[in-house]
Amino acid sequence: MELPKFGLQVIPYESGATFDSKDGYFAYFSDHDALRRELMRHSPKDADNYEQYARSVMRQCKFIKPLLMRTAPDPVRLRPRDVSELAYILKRFHGLGPREMAETIRFWTMSIAEYLDQYFETSIIKAHLAGSGIIGTGLGPYSPGTAYVLLHHYMGEVDGAIGAWGFARGGMGSISKALARSFEASGGEIRTDSGVDRFAIRNGKVRGIVLENGDEYEARTVVSGMDVRRTFIDHTDERELPSDFLKAVRRYRFRGSSGKLNIALDGMPTFSGAPKDARFLKGDLHFLDDMEEIERAYDDWKAGRWSVSPYVDFLIPTQIDPTMAPPGKHYATVFVQYAPYELAEGQWDDANREAFAETVISKIARHSPDFRKLIVHKEVRSPLDIERETGLTEGNIFQGELTFDQLLFNRPVPGYAQYRSPVRGLYMCGSSTHPGGGVMGAPGANAAREILADLGHKFDLGAAA
Amino acid sequence: MARKNAKAPHPQVAVGLEAGPFHERIAALNSQYGWMDWMGFASPSVLDNVEFEYFAIRNQSTLFDISPMCKYAIEGADAEAVVNRLVTRDIRKLKPGRVAYVIWCDEDGNVIDDGTVFRLAEDRFRLCCQEPQLAWLEDVAWGFDATIRDVSREMAALALQGPTSAALLRALAVKEMEQLKPFDFAAVRIGRKVVELSRTGFTGDLGYELWMKPQDAVAVWDDLVGAGGQQGLRVIGYQAVEMARIEAGFLLPKTDFLSSRTALRTDRPSTPFELGLERMIAFDKPHFNGRRALLRLAGSTPRRRLVQMEVGKDKPAANALVYHRKKKEVGMVTSALWSPTCKQNIAYAWLDAPYGETESGDLWVEIYLQKEIRWQRRMERCRIAEKPFFVHQRRSATPPGDY
Ligand SMILES: Cc1cc2nc3c(=O)[nH]c(=O)nc-3n(C[C@H](O)[C@H](O)[C@H](O)COP(=O)(O)OP(=O)(O)OC[C@H]3O[C@@H](n4cnc5c(N)ncnc54)[C@H](O)[C@@H]3O)c2cc1C
């Protein structure tokens, strides 16, 4: 798609840190020597075991990666292609060797807390690493399945370096912009300003779409980037769909759990726990003592409250990307775990939104004495706001939970994991399909390959590259 | 809400390379500004001229900073049992004051690392190696009455190697040196500092290693350098050491083999049989890590073997692939060197079975040569060599000679 040609620039990730309540900190560095020194400072044993931990995660990434860029096999149908895909997975699995096979099964089923406990003894190190296991999910660090969520966050790749994170210059919107420009350059046309009202279907085949403003478009192939529930429950005549499919779609779980604050700052805040000129302030910052604190934050969510002491993923991208604010000004993006989609008491109204923001800001202000003073403006988003604004159902950032029951050939629902739907010509390409959410483009690439195959194109999209 | 009890935050750890105990002295001599990363420390790659630095190892004496090595103290009533469980050799035979070259394996019989064990006393050992081992050692020591301590930063170390190294110590009146046989060590005095002197090294020649407190490092250095003029003492960088290491037949982790603790791909680690180190396994001692797997492996042909090779002509076969009958790819070179002392083109290479076992003839390496921008490909004959290329008799003569 030649996204760099259309303006996408990715800046590599350098470091990050977690501050504890006593102004201690653990800093993560992408520089290997610096990271080792920092780990040694907390525990020589943890420094040693970090290598084992990193290798284990990397092995799992290497195992799973090729599966992402391939359509999952369908064990329900077991056509020849499904059999050969299953054989491929089994062969790769077997290739891990007996020890790693056992590790893989453990990894896919265990909690991030138990996984980290195997390797580390220092609370703050575990707390720092555990975040990746719970971000965006309705699970706590002690919930089985969260080790895999960590993997999902580590699966990214920058210039061939597996596990690397990057920042899109100009913010995340620059990715959508580059995609749009690339699409248009190949002759595509984009229409916005009116949502899809429904998919026009006749005799089990898609005929086109009808927009909310009444415009109609005829098409024999329609691809929906909305999640499976929106596509089929909200915008398709249910009578056109088999009932077992509908039942499975209704069962598909979203469970939004994340809130968001965007805060404009009059200057760069200081942190009482950070040494002078700390480089790691440029990265993601967290404020917590241990994994239990995240678990308690999760308990609040289960009870229908936002966390009293939330897990925050705090970043001031204006330090590394000068395009994001006027000179001297800064901007903080604050991802908050956990916030429920529906409050047990009351509604997500302005008062509650403000109270939620206050909970988050006071947590940050405990570590940054001048933070509150520097706030010029803020946007607060509950999961409900995220749903309204971005169309992510229930505010689940991955278009549906990343639990094992909703992964691979079960994503979004058994029997329909290959981007096709019960309606001929109507396809799915959003994150509620395999391999799931995040800004990675894999569901779309897999879907495109299936659609082109149905349309009779022979091609090579570089599958499993 | 400002907080009280404000203690100053811990300073940020260094990013990039750190200065070791001899850094000031080495930096002053480093006219090439060549540094490498060795466990996060700035280690000189070459100080002024590799060729002269190399010939100083073979002809005079040399100083090389080996402080970045990982060092662990293993102490307590069960220390011997712990070490014996760790390594494949029978450590019960190692007497206090002696050093042993050792390897250790995981449960699958794959080599984790190699290194040296110093027996300081009946119940005190020190392990020196290339890669961090603390977590592994603690796992091995589980349930034993022994403590493991990372003493890497509590000790500075120097390699003093070369034919005149004994003469240099003689000039400093280090009398204990006269009785030291290879793999012996003793506490000695260099100037006013107490130093542990071991007759060890990886050059295949006469040489010593000196172990000291970091705070004594500069004084010891100055005494050695001050007395070294007569003996042609030269401070050297890693590139020269690497040449001598290949000649002397020592393996280098991460170059010739990968530790099973760090290899990402499960087929990359290697067994002692594959590395040609089976003589280091003492099956007749009590249980040790990997014993069961190694017993099983002892009965079968290794899937591949690391061999020493002599290559035709004079261009080093660096990164070369090995072919049988110029056609079939059967292996790859890991280390390669034109040996200026042996006047031989030498290499270590992995060969897939049965090559290097029953099939050892008609082997070729494909050497790529760049000649003024243009690359040339050359097939060169190679043959397997059985012994290290360079081991000098003065390495073991006791008392050691003057040159
Ligand atoms: C606060 C937040 C932070 C995140 N942080 C990260 C991160 O750091 N890294 C990362 O990789 N991922 C992150 N994510 C997740 C990531 O953004 C999503 O998983 C990803 O964007 C999903 O892509 P998608 O194309 O599948 O779905 P979407 O991006 O949701 O695309 C679906 C599109 O369909 C549109 N739509 C919905 N209904 C209709 C309709 N009726 N008619 C027409 N159009 C409709 C929506 O407007 C939307 O544009 C984050 C998400 C959130 C909310």
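Every chain's residues receive numbers from 1 upward, in the order its sequence appears when written. Think of it this way: whatever chain is written first is A, whatever ligand is written first is 1, and the rest follow in order. In view of the model being predicted, local features appear only for residues whose pLDDT reaches at least 70, and side-chain atom pairs are presented and counted only at 80 or more, with totals across whole chains, interfaces and linings using the full set of residues. Hydrogens and water are ignored here; the side-chain numbers use all heavy atoms of the structure.

Student: So what exactly am I meant to see when it comes to helix α15 (residues 442-454) of chain A here?
Tutor: An α-helix turns once per 3.6 residues; consequently, residues spaced three or four apart project the same way. All names here are of chain A. By definition, any uninterrupted DSSP run of H or I lasting at least four residues is a helix, any uninterrupted run of E lasting at least two residues is a strand, and each is numbered from the N terminus. Expected helix span is taken as 1.5 Å per residue step, with the number of steps being one fewer than the number of residues. Its 13 residues give α15 an end-to-end C-alpha distance of 19 Å, which sits within 8% of 18 Å, the value for a rise of 1.5 Å per residue. Looking at the packing, one finds that the buried side of α15 touches α2 (44-68), α3 (80-95), β10 (222-224) and β16 (426-428). Downstream of α15 by one or two residues, Gly456 has phi in the positive range, about 85 degrees. Here, two residues are considered to be in contact whenever any of their heavy atoms come within 4.5 Å of each other.

Student: What's the story with the domain arrangement of chain A in this structure? I'm lost.
Tutor: Many authors give the size of an interface as the accessible area that is lost as the parts come together. Residues and elements named next belong to chain A. Domain annotation of chain A identifies domain 1 (15-168), domain 2 (191-252 + 403-454) and domain 3 (258-394). When each unit is reduced to the centre of its C-alpha atoms, the spacing between domain 1 and domain 2 is 30 Å. Every contact between the two is made by 19 residues of domain 1 and, on the other side, 21 residues of domain 2. What gets called buried area is simply the loss in accessible area from a 1.4 Å probe that two parts show on being joined, summed for both. Taking both sides of the interface into account, the surface hidden between domain 1 and domain 2 amounts to around 1,600 Å²; carbon and sulfur atoms contribute 61%. The domain boundaries here were taken from an automatic or database domain assignment.

Student: Explain the sheet that holds strand β8 (residues 205-211) of chain A to me, please; I cannot follow it from the model alone.
Tutor: The pairing of strands in a sheet happens through backbone hydrogen bonds and is either parallel or antiparallel. Residue and element names in this part refer to chain A. Paired strands, in this sense, are two strands between which DSSP finds at least two bridges. What the three strands build is an open sheet, ordered β7-β8-β9; its pairing is antiparallel. Looking at strand neighbours, the two that pair on one side only are β7 (196-202) and β9 (216-218), the edges of this open sheet. Across this sheet, the average inter-strand angle for adjacent strands is 25 degrees, counted without regard to direction. In terms of strand pairing, β8 meets β9 through three bridges, oriented antiparallel. Bridge pairing in β9 places Ile209 opposite Tyr217. Note on geometry: axes are lines fitted to C-alpha atoms, helical ones only across the stretch in contact, with angles between N-to-C directions running from 0 to 180 degrees.

Student: Which parts of the structure should I look at to understand the packing of α2(A) against helix α5 (residues 112-119) of chain A?
Tutor: All names here are of chain A. Interaxial distance between α2 and α5 falls to 8 Å at its minimum, and their mutual angle equals 130 degrees. In terms of axis orientation, α2 runs oblique to α5. Every residue of α5 that contacts α2 at Asp46, Asn49, Gln52, Tyr53, Ser56 and Val57 is listed here: Tyr115, Leu116 and Tyr119. Throughout this entry, Asp, Glu, Lys and Arg are counted as charged residues, while Ala, Val, Leu, Ile, Met, Phe, Trp, Tyr, Cys and Pro are counted as nonpolar. The remaining residues, Gly among them, count as polar. In terms of residue class, the contact of α2 with α5 is built from five nonpolar, three polar and one charged. Throughout this description, any angle smaller than 35 degrees is read as roughly parallel, any larger than 145 degrees as roughly antiparallel, any in the 65 to 115 degree range as roughly perpendicular, and the remainder as oblique.

Student: What exactly am I supposed to notice about the domain arrangement of chain B here?
Tutor: All names here are of chain B. Split by domain assignment, chain B resolves into domain 1 (23-66 + 155-248), domain 2 (70-151) and domain 3 (302-385). A C-alpha centroid distance of 25 Å is found between domain 1 and domain 2. Contact with domain 1, which involves 11 residues of that partner, is made by 14 residues of domain 2. Together, the buried faces of domain 1 and domain 2 total about 1,200 Å²; carbon and sulfur atoms form 61% of this surface. Per-residue buried area on domain 1 facing domain 2 is highest for Met155, Phe183 and Phe185; these three make up 50% of the total on that side.

Student: Hey, could you run me through the pattern of salt bridges in this one?
Tutor: Oppositely charged side chains can form a pair if their charged atoms are brought close together. All names here are of chain A. Whenever a carboxyl oxygen of Asp or Glu lies within 4 Å of a side-chain nitrogen of Lys or Arg, that contact is scored as a salt bridge. Applying the stated criterion to the full structure yields 63 salt bridges over all chains. Note that Arg279 and Glu14 form a salt bridge whose closest N and O atoms lie 3.5 Å from each other. Here the residue Arg279 occupies a position in the loop between β11 (258-265) and β12 (284-287), and Glu14 occupies one in the loop between β1 (10-12) and β2 (15-19), the gap between them amounting to 265 residues. Look at Arg279 and you get partly exposed, because its relative accessible area is 37%. Residue class for Glu14 comes out partly exposed when judged on its relative accessible area of 34%. Residue exposure (1.4 Å probe, protein chains only): buried if accessible area is under 20% of the type maximum, exposed if over 50%, otherwise partly exposed.

Student: What is the right way to read the interface of chain B and chain A from this model?
Tutor: On the side of chain A, 36 residues touch chain B, which itself brings 32 residues to the contact. Summed over both sides, the interface of chain B with chain A buries roughly 2,900 Å², with 48% coming from carbon and sulfur. Across the contact surface, chain B and chain A share three salt bridges. Among the salt bridges present, the one from Glu138(B) reaches Lys45(A), with a minimum N-O distance of 3.1 Å. Polar contacts, as used here, are pairs of N or O atoms within 3.5 Å; protein pairs need one atom able to donate a hydrogen and one able to accept it. Residues neighboring in sequence count only if both atoms are side-chain atoms. For the pair chain B and chain A, the number of links is 17 residue pairs in polar contact (both at pLDDT 80 or more). In the side of chain B that touches chain A, the residues fall into 14 nonpolar, eight polar and 10 charged.

Student: When you look at helix α1 (residues 32-42) of chain A in this model, what are you seeing that I'm missing?
Tutor: Of all the positions in α1(A), only Asp33(A), Ala34(A), Leu35(A), Arg36(A), Arg37(A), Glu38(A) and Leu39(A) are classed as buried. Looking at the buried residues of α1(A), the elements they touch are β3 (25-29), α2 and α6 (123-134) of chain A together with β1 (34-38) of chain B. One side-chain oxygen of the residue at the start of α1(A) lies 3.1 Å from the amide nitrogen of Asp33(A), identifying that residue as Asp31(A).

Student: Would you explain the environment of Ser176(A) in this entry?
Tutor: Residues and elements named next belong to chain A. Residue position: Ser176 is located in helix α8 (residues 173-185). The exposure class of Ser176 is partly exposed, given its relative accessible area of 47%. The spatial distance from the C-alpha of Ser176 to the C-alpha of Tyr341 is 26 Å, given a sequence separation of 165 residues.

Student: What is the right way to read the site of the ligand from this model?
Tutor: Residue and element names in this part refer to chain A. As a matter of local geometry, the ligand sits amid 18 residues, with Val196, Ile397, Ser431, Gly438 and Val439 nearest to it. With respect to the ligand, the backbone of Thr390 contributes an N or O atom lying 3.4 Å from an oxygen atom. At a separation of 2.8 Å, an oxygen atom of the ligand approaches a polar backbone atom of Gly438. Surface burial for the ligand is 62%, taken as the share of its 1,000 Å² of free accessible area covered by protein chains. Classifying every residue of the shell around the ligand by side-chain character gives eight nonpolar, nine polar and one charged. One heavy atom within 4 Å of a molecule or strand is enough for the residue carrying it to be called near that molecule or strand. Surface accessibility follows the Shrake-Rupley procedure with a 1.4 Å probe radius. Residue values consider only the protein chains on display as shielding.

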